[in-house]
Protein chains: 2
Amino acid sequence: MSGEDAPAEQQNAVDQKQETKPAEEPKAEPPKTEPAPAAAAAADATATPAATTEKVPEEETFTYRALVLTGYGGYDKVKLQVKKGKPALKAGEVLVRVKACGLNFADLMARQGLYDRLPSPPVTPGMECSGVVEAVGEEVTDRKVGDKVMVLNRFGLWQEVAAVPATHTFLIPEGMSFEEAAAFPVNYITAYMMLFDFGNLRPNQSVLIHAAAGGVGIAATQLCNTVKDVTVFGTASASKHETISQGGVTHPIDYRTKDYVEEVRKISPKGMDIILDPLGGSDTHKAYNLLKPMGKLITYGTSNMLAGQKKNLLAVAKNWYHQFSIHTLSLIQGNKSVCGFHLGYLDGEMELISQAMNIILDLYKQGKVKPRIDSTWHLEQVGDAMRKMQERNNIGKVILTTEPMPEEEKKEEPKKEDKKEDKKKDDKKKDDKKKDDGKKEEKKDDKKKEEPKKEEKKEEEKKEEPSKEEK
Amino acid sequence: MSGEDAPAEQQNAVDQKQETKPAEEPKAEPPKTEPAPAAAAAADATATPAATTEKVPEEETFTYRALVLTGYGGYDKVKLQVKKGKPALKAGEVLVRVKACGLNFADLMARQGLYDRLPSPPVTPGMECSGVVEAVGEEVTDRKVGDKVMVLNRFGLWQEVAAVPATHTFLIPEGMSFEEAAAFPVNYITAYMMLFDFGNLRPNQSVLIHAAAGGVGIAATQLCNTVKDVTVFGTASASKHETISQGGVTHPIDYRTKDYVEEVRKISPKGMDIILDPLGGSDTHKAYNLLKPMGKLITYGTSNMLAGQKKNLLAVAKNWYHQFSIHTLSLIQGNKSVCGFHLGYLDGEMELISQAMNIILDLYKQGKVKPRIDSTWHLEQVGDAMRKMQERNNIGKVILTTEPMPEEEKKEEPKKEDKKEDKKKDDKKKDDKKKDDGKKEEKKDDKKKEEPKKEEKKEEEKKEEPSKEEK
């Protein structure tokens, strides 16, 4: 099923069940930015059979493109396939024509086999998307065809159509783009529940936000700024400091060149009221020690486990070894709180989630929060999108669009050339973080280039196979 | 220093430094209930030298009675002594003429050497009291002589006068008795900070309160009832159920005859939003498993360590062995929070404490919370007072009064004879809890009788030395 050595990445692999027959382009609404959707996907050099323009009756040959995790491993394990047959709706479900999808760290973990909320491959990843309701199942009363919705689901949203429980959909407010809507649910619900449920954030408190330029980091910063006189300490590489400062981070800290614990102590000797920790491992220990009395440490990930594009057993083992474990007597004597959060494990609690969503949607309507989109990528570019996130080169959310990739984009320059600087720094950071691992791998000199939406460089990708930090 | 075999308990031992010279009775305000204070203490069979009625100028021979922990061990290790010399006030301090003192579990732990916030013996215990400001040190601007105050301190309040930082005092509101005031700070601040800071209690939530008839339990129940539609599950022996139900517990559970986890699940299959755990050991594990997603476990003690009046090494070891330790990955996958609280370790945070105190004093003024006094004991009776609490025979707060013990009280009956029933049940509970320890000790047939304020039975106490459950 898996094949660690699958040769090509991001080719538009045809679903095995139907690889013989080219199918009709999914009947999508006209994309806003690309006027010629039907022909566009065909422009890809490794063109998908779905991207032909043959016309056949829809219900007979309903097809849609879907990203499929075909096995655990590198970026190439997520392949674009064409699925046949309209998903059947169960009672309470709606069929959503997907417009945009959000990328999350859990998706990266899942690709490496480090996230247990997905069924075994082959499976379509994706916890969040936005789109339009295309059909409504029985017993659905509060959604209708044509509703613009954002969707939160355990997996399965990185595809052009998805059947999901209506309770997992939320109406997109006026003025919010599909890209913003795809960037909204996971990051904002996560940040909200951490800060306001576990964290009980109140005026005059201090919050340390790791990865402050990431999707959750930006959401958390905005939410902190809805509370009076909250001081936000945010870690990010120096090149992102201007952006996160403008976004509301009071004290940006370059964790790659400075000891963030020292930096925080300089400004706030007593420590922090709340620390959001997506890192895990030894950083959780540091966070615990950096809490004030009555402080709350909220850990919500183990991104330190992600070193290189394939599962890095040493990094995983190290993370396990350093995994934070706390005795109650220590908590009692410290008057501290340690909380764990992961939205992916909260999928049975749609009522809690809906309550949070209603509040943050109100904040959106009031202009107090707004997703920041780092970059948008075609489904064909999912590998590059994942890489951008994994290498911490993003500021804000990385988005996939289901719009077909038009031929003319191949000639254009990458959208965010200036990010390459970041990447090098991030590489340096990873090196720094892993000094104690002992020997270093040879530095890659075949630096991967980025290929955002507007550019095509399939040929170069072969060179990028060896992941840069694997040990 | 200690002497595990100190012969007498509750005799009014004279402070070694001054045992030769009888001292004047401290110049207390006339007690409300006892009209003849000066002569009263002399009535004790083992009369304190302080209880003489000689008259000498106060400033020369200022003396006051103080309870002193003379070594670690049983109830007899806390002795009533007479101290000489008026405590000198540092800047920022006030001298408080103590009227009443609260007993807390930490005091019981301290007596056994299980609480590290007290200096080594000899030391005066006592974390809270009420009284009247008798003198004001330099730089004190917001307290004046005559102010009625309640006091919170790390230790040292079980005595007739105490010099404390003015910031550790809180004005007693109109209509609150000294007994209530002595019952207020530790229990209500603890309950408030657990429920509203760590717990973030909100409408419609469910709370499990262990020892719901104890001081913190009653305070927590009242505070839960200030929030709309909160369901309170409370454990207590059956004989206390009527009282705690009237006090606001929705579902009283007899933990001695039923498995409280099963009982909770029957009513609330998904578990609890908040659990207050003063028990420690294996009960903390149960609590963790009984949490809903986004649930908060707040552990604030290890009362399971207290088995018998002297340190029970097996109970301590067992508690350590079963001590709850949690990995962050478990927290993340469960979406749970584990918090530790102990007011004794929060003494550097008077600003936080004052904020909480202001809120709960407002609730008191609104009639929404009111301390329940279980019983009031003279300083001479501190051993019995401690026993009552340790054996879980109290409903509400156990209080010490500095009023001298009048002779006529010796002839009267114990105030709460009906509690003996409880005690037997509590003994049974302890037995139940320790089944897994293996062999049982012989059941004590020399059941200790209770000697509250109105009764004297010094002779019988010798028989009670062997603690009932020690193994």
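Our subject is the structure listed above.
Reading the values: the criteria
All residue numbers here refer to positions counted from 1 along the written sequence of the relevant chain. Chain letters and ligand numbers both follow the written order, the letters beginning at A and the numbers at 1. Where totals are concerned, whole chains, interfaces and linings use all residues; where local detail is concerned, this predicted model gives features only for residues with pLDDT of at least 70, and gives and counts side-chain atom pairs only at 80 or more. With hydrogens and water stripped out, all remaining heavy atoms of the structure feed into the side-chain values. By the criteria applied, helices consist of DSSP H or I runs no shorter than four residues and strands consist of E runs no shorter than two, each listed in order from the N terminus. To estimate how far a helix should extend, the number of its residues minus one is multiplied by 1.5 Å. Buried residues are those whose accessible area, probed at 1.4 Å on protein chains only, stays under 20% of the maximum for their type, while exposed residues exceed 50% and partly exposed ones sit between those limits. Each direction from the helix axis to a C-beta atom contributes to the arc, which is the arc of those directions. Salt bridges are identified by distance alone: a Lys or Arg side-chain nitrogen within 4 Å of an Asp or Glu carboxyl oxygen. The contact criterion used throughout is that any non-hydrogen atoms of two residues lie within 4.5 Å. The term buried area means the drop in 1.4 Å probe accessible area that two parts suffer when joined, counted for both and summed. Polar contacts, as counted here, are pairs of nitrogen or oxygen atoms within 3.5 Å of one another; within protein the pair requires one atom able to donate a hydrogen and one able to accept it, and residues that are adjacent in sequence qualify only if both atoms are side-chain atoms. Three residue categories are used. Nonpolar comprises Ala, Val, Leu, Ile, Met, Phe, Trp, Tyr, Cys and Pro, charged comprises Asp, Glu, Lys and Arg, and polar comprises the others, including Gly. Residues below a pLDDT of 70 in either copy are left out; the C-alpha atoms of the rest, at least 70 in both, set the least-squares superposition of the copies. A pair of strands is labelled paired if DSSP reports no fewer than 2 bridges between them. Working convention: axes come from line fits to C-alpha atoms, limited for helices to the stretch in contact. Angles between N-to-C directions cover 0 to 180 degrees. Each angle is binned into one of four classes, with values under 35 degrees roughly parallel, values over 145 roughly antiparallel, values of 65 to 115 roughly perpendicular, and all other values oblique. Throughout, a crossing is termed right-handed when the near helix is turned clockwise from the far one, and left-handed when it is turned anticlockwise from it by less than a right angle.

Description of helix α11 (residues 350-365) of chain B
Residues and elements named next belong to chain B. The first and last C-alpha atoms of α11 sit 22 Å apart over 16 residues, in line with the 22 Å expected at 1.5 Å per residue. Taken together, the buried positions of α11 are occupied by Met 350, Ile 353, Ala 356, Met 357, Ile 360, Leu 361, Leu 363 and Tyr 364. Mapping the buried residues of α11 onto a view down its axis gives an arc of 150 degrees, with all of them on the same face. Of the exposed residues in α11, the ones pointing more than 90 degrees away from its buried face are Glu 351 and Lys 365.

Notes on the pattern of salt bridges
All names here are of chain A. Tallying each qualifying case throughout the model produces 34 salt bridges over all chains. The salt bridge partner of Arg 65 is Glu 380, with a shortest N-O separation of 3.0 Å. Of the two residues, Arg 65 is situated in strand β1 (residues 63-69) and Glu 380 in the loop between β15 (373-378) and α12 (382-390); the sequence distance between them amounts to 315 residues. Taking the relative accessible area as the measure of exposure, Arg 65 reaches 1% and is therefore buried. In this structure, Glu 263 engages Lys 266 in a salt bridge whose closest nitrogen and oxygen atoms are separated by 3.0 Å. Taken together, the residues Glu 263 and Lys 266, both in helix α7 (residues 260-267) and three residues apart, mark about one turn of the helix. In this structure Lys 266 comes out as exposed when scored by relative accessible area, which is 61%. Through salt bridges with shared partners, a single ionic network connects Arg 65, Glu 160 and Glu 380.

Quick notes on the interface of chain A and chain B
Across the contact, 40 residues belong to chain A and 40 residues belong to chain B. A buried area of about 3,500 Å², summed over both sides, lies between chain A and chain B, and 57% of it is on carbon and sulfur atoms. Applying the counting criterion to the chain A and chain B interface returns six salt bridges. Here Arg 202 of chain B makes a salt bridge to Asp 197 of chain A, at a shortest N to O gap of 3.0 Å. Counting across the chain A and chain B interface gives 18 residue pairs in polar contact (both at pLDDT 80 or more). If you list the elements that add at least two residues to the side of chain A that touches chain B, you get α4 (185-198), β12 (291-299), β13 (325-327), α10 (328-334) and β14 (337-340) of chain A. Residues belonging to the side of chain A that touches chain B are distributed by class as follows: 18 nonpolar, 15 polar and seven charged.

A few points about the relation of the copies chain A and chain B
Rotating chain A by 180 degrees and translating it 0.0 Å along the rotation axis places it on chain B, where the RMSD comes to 0.0 Å. One copy is carried onto the other by what is essentially a two-fold rotation axis. Comparing contact sets, 100% of the residues at the interface of chain A also lie at the interface in chain B, consistent with an isologous, same-surface contact.

Looking at the sheet that holds strand β10 (residues 251-253) of chain A
Read across the open sheet, the 12 strands follow the order β10(A)-β9(A)-β8(A)-β11(A)-β12(A)-β14(A)-β14(B)-β12(B)-β11(B)-β8(B)-β9(B)-β10(B); overall the sheet is mixed. Each having just a single partner strand, β10 of chain A together with β10 (251-253) of chain B make up the two edges of the open sheet. Taking the axes of each pair of neighbouring strands and ignoring which way they run, one obtains an average angle of 15 degrees across the sheet. Those strands touched by helix α4 (residues 185-198) of chain B are β12 and β14 of chain A together with β8 (206-209), β11 (272-277), β12 (291-299) and β14 (337-340) of chain B, and its axis lies near 35 degrees from that of β12 of chain A.

Side note on the packing of α4 of chain A against helix α5 (residues 215-224) of chain A
Helix-helix packing: each pair is described by the crossing angle between the helix axes and the interaxial distance. All names here are of chain A. Remark: α4 packs on α5, axes separated minimally by 8 Å, with the N-to-C direction vectors making an angle of 50 degrees. Between α4 and α5, the crossing angle belongs to the class labelled oblique. Viewed along their axes, α4 and α5 form a crossing whose handedness is right-handed. Where α4 abuts α5, its residues Asn 187, Tyr 188, Thr 190, Ala 191, Tyr 192, Met 194, Leu 195 and Phe 196 lie against Gly 215, Val 216, Ala 219, Ala 220, Gln 222, Leu 223 and Cys 224. Residues belonging to the contact of α4 with α5 are distributed by class as follows: 11 nonpolar, four polar and no charged.

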